[in-house]
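# Structural overview for review
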Amino acid sequence: MIFLKTDDEIELLRQSNLLVAKTLAEIAKMIKPGVTTKELDKIAEEYIRDNGAIPTFKGFPNPYNAKAPFPASICTSVNDQVVHGIPNDVPLKEGDIVSVDCGALLNGYCGDSAYTFCVGDVDAEVLNLLKTTKEALYKGINEAVHGKRVGDIGFAVQAYCESRSYSVVREFVGHGIGRQMHEDPYVPNYGKKGNGILLRKGMCIAIEPMIAQGARQIYMDDDQWSVRTRDHKCAAHFEHTVAIGLEKADILSSFEYIEEVLGDKAI
Ligand code: MG
Ligand code: MG
């Protein structure tokens, strides 16, 4: 079932998503060679709780194993990890990329946003993957308008990435968001123009392209969370939560705080 949100509910979603945006900016301050993803997780959890919210990822049920809920407050996916990487004690090193996905529940509404960071200087080809994935996110957001369809979003993301010889991971998709982090509808990063669920004002969705530098095939690590590319080439992930608008989407999350921290190193 798709829940349409009132303007008041959308403002509450904006507050949750701005908290996520600021949490990601706290992480941006920390990212450098030598820092571990567990250290990033600690910063994120403290920041979310200090601001009166709950990290929605922590304890999130594992669809494949009831005994292995997600153990951390952020997903940290390094290099060939696509999504759902579990923070660990391995120091990040110069040239890595790390996608950080963050969720928070504030006043009953969920925020969800992700950004892929460079650790020091990154190979030009990998940097191009990051830029393309972020641009693809905004191509998708441009389609998140009343009267269009979910397939229009997927088509825009897919066409843009594939025109640059990247591939779209299909097993994981964007989603409706509200009181629950994952609501209907699914929002794939591939699709056909004019296909799928009709988009209506008041729908709130997370759009989150997961784009591979090489082939789109993936597998899951033994931890039953981390998803990796089979060819071990890099993958990137950017995510915004948006409200469908009559003329254009209202982006409820933000990269502004992150990019203030990154300065001229922003992608
Ligand atoms: Mg997310
Ligand atoms: Mg999401």
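Heads up: the structure comes first, above all this text.
Notes on the structure in this doc start here. (Residues numbered from 1 in each chain as written. Chains lettered and ligands numbered in written order. Predicted model: local features only at pLDDT ≥ 70, side-chain atom pairs only at ≥ 80, totals over all residues. Heavy atoms only, no water.)

## Description of the coordination of the magnesium ion (ligand 1)
Tetrahedral metal sites with four donors have an ideal angle of 109.5 degrees; octahedral sites with six donors have ideal angles of 90 or 180 degrees. The protein atoms that coordinate the magnesium ion (ligand 1) are Asp101 (OD), Asp101 (OD), Asp112 (OD) and Glu239 (OE), at distances spanning 2.0 to 2.5 Å. Site description for the magnesium ion (ligand 1): donor spacing in sequence, D-x10-D-x126-E. For the pair the magnesium ion (ligand 1) and the magnesium ion (ligand 2), the metal-to-metal distance amounts to 3.1 Å, and Asp112 bridges them. Within this pair, whereas Asp112 is found in strand 5 (residues 109–118), its partner Glu239 is found in the loop between strand 13 (235–237) and strand 14 (240–243), the two being separated by 127 residues in sequence. (Donors = N, O, S within 2.8 Å, 3.2 Å for Na, K, Ca; no water. Helix = DSSP H or I, 4+ residues; strand = E, 2+ residues; numbered from the N terminus.)

## Here's the deal with the sheet that holds strand 11 (residues 218–220)
Spatial strand order, 3-12-11: three strands in an open sheet with antiparallel pairing. With partners counted over all chains shown, the strands left at the sheet margins are strand 3 (81–83) and strand 11, one partner each. The sheet shows a mean angle of 40° between the axes of neighbouring strands, direction not considered. (Pairing = 2+ DSSP bridges. Axes fitted to C-alpha atoms, helices over the stretch in contact; angles between N-to-C directions.)

## Digging into the pairing of strand 4 (residues 97–106)
Within strand 4, nine of the ten residues are buried, which leaves the element mostly enclosed by the surrounding structure. Pairing of strand 2 (residues 74–78) with strand 4 involves five bridges; the strand directions are antiparallel. The residue of strand 4 that forms the bridge with Ile74 is Cys102. Here strand 4 runs beside strand 5; their pairing, made up of ten bridges, is antiparallel. Residue pairing across strands places Val98 opposite Phe117, the latter belonging to strand 5. In sequence, strand 4 turns back onto strand 5 through a hairpin of two residues, with Asn107 there showing a positive phi of about 50°. (Buried < 20%, exposed > 50% of the residue type's maximum accessible area, 1.4 Å probe, protein only.)

## What about the coordination of the magnesium ion (ligand 2)?
With distances of 2.1 to 2.2 Å, the protein atoms coordinating the magnesium ion (ligand 2) are Asp112 (OD), His175 (NE2), Glu208 (OE) and Glu239 (OE). Along the chain, the residues that donate to the magnesium ion (ligand 2) are spaced as D-x62-H-x32-E-x30-E.

## A closer look at the pattern of salt bridges
Overall, the coordinates contain 14 salt bridges when judged by the stated rule. Among the ionic pairs, Asp7 bridges to Lys201, the shortest N-O distance being 3.6 Å. Placement of the pair is Asp7 in helix 1 (residues 7–30) and Lys201 in the loop between strand 8 (183–187) and strand 9 (204–207), with a sequence separation of 194 residues. Note that Arg14 is salt-bridged to Glu11, the shortest N-O span being 2.9 Å. Here Glu11 and Arg14 lie together in helix 1, a separation of three residues that amounts to about one turn. Taking relative accessible area as the criterion, Arg14 reaches 19% and is therefore assigned buried. Here the salt bridges do not stand alone but share partners, grouping Glu11, Arg14 and Asp250 into one network. (Salt bridge = Lys/Arg side-chain N within 4 Å of Asp/Glu carboxyl O.)

## Description of the sheet that holds strand 14
One open sheet accounts for five strands, arranged 8-7-9-14-15; its pairing is antiparallel. Both outer strands of the open sheet, strand 8 and strand 15 (250–251), are each paired with one neighbouring strand and no more. Bridge count for strand 9 against strand 14 is four bridges, and the pairing is antiparallel. Within strand 14, the residue paired with Ile205 across the bridge is Val242. Across the sheet, helix 3 (residues 124–142) lies against strand 9, strand 14 and strand 15, angled at about 15° from strand 14, the strand it touches most. (Contact = heavy atoms within 4.5 Å.)

All we've got here are geometric facts, nothing functional implied.
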